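Observations on the three-dimensional arrangement
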Amino acid sequence: MTLRQPRFVALAAMLAAALALGGCASNDLDTDTTTTATATTSGPVVVAIGDSIMKGHGLSPAQAWPALLAQTNAWSLDNLACDGAGFVKAGDADDCGGDFSGLVAEAVAAKPSLVLISGSSNDLGISNSQLQEQTIQVVTALQAALPTTTIVGISTVWNDTAAPDQMDDINEQVRQAVKGVGGVYLDIGQPLAGHRSWLQSDDVHPTVKGQRELAKAIAGAVRSAKLKL
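Cut-offs and rules
Residues numbered from 1 in each chain as written. Predicted model: local features only at pLDDT ≥ 70, side-chain atom pairs only at ≥ 80, totals over all residues. Heavy atoms only, no water. Helix = DSSP H or I, 4+ residues; strand = E, 2+ residues; numbered from the N terminus. Buried < 20%, exposed > 50% of the residue type's maximum accessible area, 1.4 Å probe, protein only. Areas by Shrake-Rupley, 256 points an atom, 1.4 Å probe, with all protein chains shown as cover. Polar contact = N/O pair within 3.5 Å; in protein donor to acceptor, adjacent residues only side chain to side chain. Phe/Tyr/Trp six-rings, centres within 6.5 Å; stacked < 30°, edge-to-face > 60°. Pairing = 2+ DSSP bridges. Right-handed = clockwise from strand over helix to strand, strands pointing away. Axes fitted to C-alpha atoms, helices over the stretch in contact; angles between N-to-C directions. Contact = heavy atoms within 4.5 Å.

1. Regarding the overall build of the protein
Along the protein, the regular secondary structure elements total nine helices and five strands. Ordered by position from N to C terminus, the α and β elements of the protein give α-α-α-β-α-α-β-α-β-α-β-α-β-α. Within the protein, the fraction of its 229 residues that count as buried is 51%. For the protein, the exposed surface amounts to about 9600 Å²; the carbon and sulfur share of it is 52%.

Okay, here's the thing in C-alpha cells:
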C-alpha cells in the first residue's frame, strides 16, 4: 500500500514544527529542564501508543516527549502509553492491563489524524516470530480501522548502555509493519546512550532532560525523513 499524497502532506504539516526542536539552541527544551508541556485541545488529534518511557513514568504526563511535541505542534494529544506493556507483553494491571492490541479500540475512538507507535524493551525475550506476528496484527488493525490516519513507527528506546541485540529485531518488525500499511518509520537511534544522568535512579526511565532529548531526537528523525510541505 502506498502513502497517498494528501496524507503525506498532512503528516509533513503536522510534524514540520517539530524540526525546530532539533536545531534551535534557544528552544525551551534546551534551556529549562523543569518546564512542562501542555497539549492543545483544539489542534489535530494525535494518539501515542507505547510503554512507560513514552508515558513519562516517574514524571508528570506533561514532561513526556509526546506532550513536548504536542505543545510545539499544537496537537490535541491522547497518550495511551502504558507501564510495562509491549506488542506482546501485558502492561501493569493497574494501568492498561494488556498489550498494545488492547489499546487499538481506544486509539480508534479518538479519531486521530496521526498515530505514533513505538517498540518496547518490555518485549525482550519474547520469540521474534511471536513478536513479528503481533506487531503486524496491531499495526494492521490500526490501519484497517483508521484508513485515512497516518501511522508513524518509532524505534525502541534503551538506556545509557549498549542495547541488546534483539532490539534490532524489534525495530525491524515495527519498521516492516508500519511501512507495510503505508506509514512512516523513524529511527531515532539511542539518544540516551552514554548519558546516565539523563535517567532516573532505576536506570530505565528518562529524567525531564532525557525526555527532552528524546523529543529532539524525534524531531531530527523527521528532518532526516525529508518530509516536505
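Once the structure has been displayed, the description carries forward.
2. Comments concerning the side chain of lysine 216
Counting through the fold element by element, lysine 216 comes out in helix H9 (residues 208–224). Since its relative accessible area comes to 16%, lysine 216 is described here as buried. Among the polar contacts listed, one links the side chain of lysine 216 to the side chain of glutamate 213, at a separation of 3.2 Å.

3. Considerations on the packing of aromatic side chains
Overall, the coordinates contain one aromatic pair when judged by the stated rule. Ring geometry for phenylalanine 87 versus phenylalanine 100: centroids 4.9 Å apart, planes at 70°, classification edge-to-face. Of this pair, phenylalanine 87 sits in the loop between strand E2 (76–79) and helix H6 (104–109) while phenylalanine 100 is found in the loop between E2 and H6, placing the two residues 13 residues apart along the sequence. With relative accessibility at 0%, the residue phenylalanine 100 sits in the buried group.

4. Observations regarding the pairing of strand E4 (residues 150–154)
The buried fraction of E4 is high, at five of five residues. Of the two faces of E4, the one holding Thr150, Val152 and Ile154 and the one holding Ile151 and Gly153 are both buried throughout. Where strand E3 (residues 114–118) meets E4, five bridges bridge the pair, whose relative direction is parallel. Looking at E4, one finds that serine 118 is bridged to isoleucine 154. Sheet topology places E4 next to strand E5 (residues 184–186); three bridges connect them, and they run parallel. In the sheet register, isoleucine 154 faces E5, and the bridge partner there is leucine 186.

5. Examining the pairing of E3
Counted residue by residue, E3 has five buried out of five residues, so it is predominantly covered. Going residue by residue along E3, you find Leu114, Leu116 and Ser118 tucked away on one face and Val115 and Ile117 tucked away on the opposite face as well. As paired elements, strand E1 (residues 45–49) and E3 share four bridges and run parallel to each other. When the bridges of E3 are listed, valine 47 appears paired with valine 115. One crossover worth recording links E3 to the parallel E4 by way of helix H7 (residues 128–145), and it is right-handed.

6. Re unusual backbone geometry
Phi at lysine 111 takes a positive value of approximately 55°, unusual for a residue other than glycine. By the secondary structure assignment, lysine 111 is in the loop between H6 and E3. Its relative accessible area of 69% is what places lysine 111 among the exposed residues. Here aspartate 203, not a glycine, exhibits a phi torsion of approximately 60°, which is positive. Within the secondary structure layout, aspartate 203 lies in the loop between E5 and H9. For aspartate 203, a relative accessible area of 22% translates into the label partly exposed.

7. Digging into the sheet that holds E5
Pairing is parallel in the open sheet, where five strands are placed in the order E2-E1-E3-E4-E5. Only two strands of the sheet have a single neighbouring strand rather than two, namely E2 and E5. For this sheet, the mean angle separating the axes of adjacent strands, direction not counted, is 20°. Against the sheet, helix H8 (residues 166–180) makes contact with E3, E4 and E5, and its axis sits at roughly 155° relative to E5, the strand it touches most.

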